[in-house]
Amino acid sequence: MTKFSDLKLSPKVLKAIDEAGYTEPTPIQAGAIPPALEGKDVLGIAQTGTGKTASFTLPLITMLARGRARARMPRSLVLCPTRELAAQVAENFDTYAKHVKLTKALLIGGVSFKEQDTLIDKGVDVLIATPGRLLDHFERGKLILNDVKVMVVDEADRMLDMGFIPDIERIFGLTPFTRQTLFFSATMAPEIERITNTFLSNPERIEVARQATTNKNITQGVLEFKASRKDREGSEKRKVLRALIDAEGEKCTNAIIFCNRKMDVDIVAKSLKKYGYDAAPIHGDLDQSQRTRTLDGFREGTLRFLVASDVAARGLDVPSVSHVFNFDVPSHAEDYVHRIGRTGRAGRDGTAIMICVPRDEKNLADVERLVQHEIPRLDNPLGKGTETAPAAEATKPADDGDKPKSRSRSRSRKKDDAPKADAEEQADVQAEAPAKESKPRSEKPKSDKPKSDKPKSEDRGEKQNRSRDDNRNSNRGRNDNRGGRGNDRGGNKVVGLGDHTPEFIELSFADRPDS
Ligand code: AMP
C-alpha cells in the first residue's frame, strides 16, 4: 500500500498531512501526485469526495516551495467553476501549506477588486480563481499570466455545464506553452476530451471509481410520484416527503433534504417546521448569521433536518448524516452523486431516498446512467397516490398536528377528507407565501435545467458567460488565436460571480492570518 512518505512530497507538506490526520493517500492522490511532481501533465478523472483537491494541492505546494513570485505574475493558477469550490481549494491550500511560506490570492465574486489587486500586486504563488473573475482582472491589466508554471483546472465538467469552456480555452492561451497542466473532471464529455487533447501534453491519466457506484453502504431508493392535480403537486410532494421521513422512523437520526431550487428550499423547510419537524433551510440568499446558526446546529446535532441547495451544501462536511432525501431529482446527474455522498461517510451506513415526479423522469434516467445501476423503486408510504391518501393519512397524527382541532373533531371521517386537504393546502400555502414574497423573481427556473442554486449575481455572471460562449462560437476563427486579448467581452465588467458571498466562505477565511 502506498504511503504519503513514498510520494516524494516535501517534509513540510508531509508534516501538515500528518497534522490533518490523513494516514494514507487516496487512490487519486497515489495516482496523481508522483507524475505531478515529475512535472508531467495529469488528467484526473475523479469527483468531489475522492480527495482530489489534495491530489493537486500537495504537489503544487511542494513544487512551489522553491522560488518567489513577482508582482502581478502568479506562479500557479487554480481554476474552479464556482466560488464555493474556489474557497474550498483555498482552505485546503491553507491547511497543507501551513509550514511553508507561500502566498495565495482568491479571485472570486463578492470580494472587492481593490483588495484582490493589492494581493496580486505583491506577487502570489498560487492564484485560485473562477474563470470570469480572472479574466476581469486580466482585462483590467492587473494580471500577467506569463509566469504561470502550473495551471490546475478543477471540475472541468461543471465548467462545461456553466458555459466556462471558452474562458478556460482563452486562459490556457494566455499562459505559457511550457506550463504544466493538472486537469480534473468527474466525467469525460466529448467537449472535455477535446480540451484535454488540445491543451494537455501526453498527460498521465488517472481514473478513480465513482464514489456512488462503489459506496455499497448507501441504501438508495426512488419514489415515482404523480400528484392528483398539477396545482397540488407541491403540497402533495411535501406530504409524501413527510411520509417518507416518518416511514424511516428512528433510523433517521438526521437528514439533508436537497431541493433543486432555492424557493423550494424555503418552502419545504417552512412546511416541515409547520408540521412539527425540526428543520431549517440553507442556501446562498440567507444572511450570514442565519447560515452559521443553521450549519452549527446541524453539525452539533441540535437541528435534525437541513433543507439545502446543492451549492450551499458543498462546503458542508458532517461525518454522520443518516439520510439524504432528494425532494427533486437533480438536473445535473453528478449532483446526485454529490448529494448522496453526504450520507454513508466514513464506513457508516446511509440511506438516500428520492422523489421523482413525471417531469423529472429524464433526469432520473440520466442519474441511473451515471451511477450505472437502476435505483430501486419505493412504494408510496401513503398508498397508491395522495389522491388515495386520506385513509393512510388518518393513521399519521403528525400530519394533523397544526390543523384546527375543532374542524377535524366536528366532522365525520368521510366529510373530513376534503377539509383535511384544504387545511393542508392552507398550511402549505402559508408556508409558501413568505418565501415567495421574499424572493419574487430570481427563483424562477429559466429553463428546464434550473440553475437557481447560484446566487442571483452568479446567475448573471453565468448568463454573461453563456452569451460570451455564443459570441465565441460564432467567432471561432478569431478565438482560435487564443493568445490575444479578446474584445468580445463587451462592456460587461460585472462578470465574476457577483457581490454576495455565502457566509460559510467568509467564515473559512475569517481567522486566517494571510487573508
Ligand atoms: P475532496 O475530494 O478534495 O473534496 O476531499 C474530500 C474530503 O476528503 C475532504 O474533507 C478532505 O479533507 C478529505 N481527505 C483528502 N485526502 C484525504 C486522505 N488522504 N485521507 C483522509 N481524508 C482525506
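The preceding data block contains the structure.
What comes next is a walk through the structure. (Residues numbered from 1 in each chain as written. Predicted model: local features only at pLDDT ≥ 70, side-chain atom pairs only at ≥ 80, totals over all residues. Heavy atoms only, no water.)

Structural notes on the overall build of the chain
Here is step 1 of the chain: Helix and strand counts for the chain stand at 23 helices and 13 strands.
Here is step 2 of the chain: Counting the 515 residues in the chain, one finds 57% classified as buried.
Here is step 3 of the chain: Counted over contacts in the chain with a minimum sequence separation of 6, partners at least 24 positions apart contribute 75%.
Here is step 4 of the chain: For the chain, the exposed area adds up to about 22000 Å²; of that, 50% sits on carbon and sulfur atoms. (Helix = DSSP H or I, 4+ residues; strand = E, 2+ residues; numbered from the N terminus. Buried < 20%, exposed > 50% of the residue type's maximum accessible area, 1.4 Å probe, protein only. Contact = heavy atoms within 4.5 Å. Areas by Shrake-Rupley, 256 points an atom, 1.4 Å probe, with all protein chains shown as cover.)

So, the pattern of salt bridges
Here is step 1 of the chain: As enumerated under the stated definition, the model contains 28 salt bridges in all.
Here is step 2 of the chain: Put simply, D147 and K149 hold a salt bridge, and the shortest N to O gap is 2.7 Å.
Here is step 3 of the chain: Overall, the relative accessible area of 44% leaves K149 in the partly exposed class.
Here is step 4 of the chain: A salt bridge links R158 to D335; the nearest nitrogen and oxygen atoms lie 2.4 Å apart. With a gap of 177 residues between them, R158 in helix α7 (residues 156-161) and D335 in helix α15 (residues 333-340) connect regions that are remote in the sequence. (Salt bridge = Lys/Arg side-chain N within 4 Å of Asp/Glu carboxyl O.)

Brief notes about unusual backbone geometry
Here is step 1 of the chain: With a phi angle near 45 degrees, N202 is a residue other than glycine that sits in the positive phi range.
Here is step 2 of the chain: Looking at the element boundaries, N202 is found in the loop between α9 (190-199) and β7 (204-207).
Here is step 3 of the chain: Backbone geometry at Q372 places phi at a positive 60 degrees, although glycine is not the residue there.
Here is step 4 of the chain: Along the polypeptide, Q372 turns up in the loop between α16 (361-371) and α17 (389-394).

Focus on the side chain of H283
Here is step 1 of the chain: The residue H283 is located in the loop between β10 (279-282) and α13 (288-300) in this model.
Here is step 2 of the chain: For H283, a relative accessible area of 0% corresponds to the buried category.
Here is step 3 of the chain: Within the structure, the side chain of H283 is placed 3.2 Å from the side chain of D266, a separation counted as a polar contact. (Polar contact = N/O pair within 3.5 Å; in protein donor to acceptor, adjacent residues only side chain to side chain.)

Brief notes about α9
Here is step 1 of the chain: When we look at burial in α9, the residues that qualify are I192, I195, T196 and F199. Taken end-on, α9 shows its buried residues confined to a sector of 95 degrees, consistent with a single buried face. Exposed residues lying more than 90 degrees from the buried face of α9 are P190 and N197.
Here is step 2 of the chain: Against the buried residues of α9 lie β1 (42-45), α7, α8 (165-174) and β6 (180-185). (Arc of directions from axis to C-beta.)

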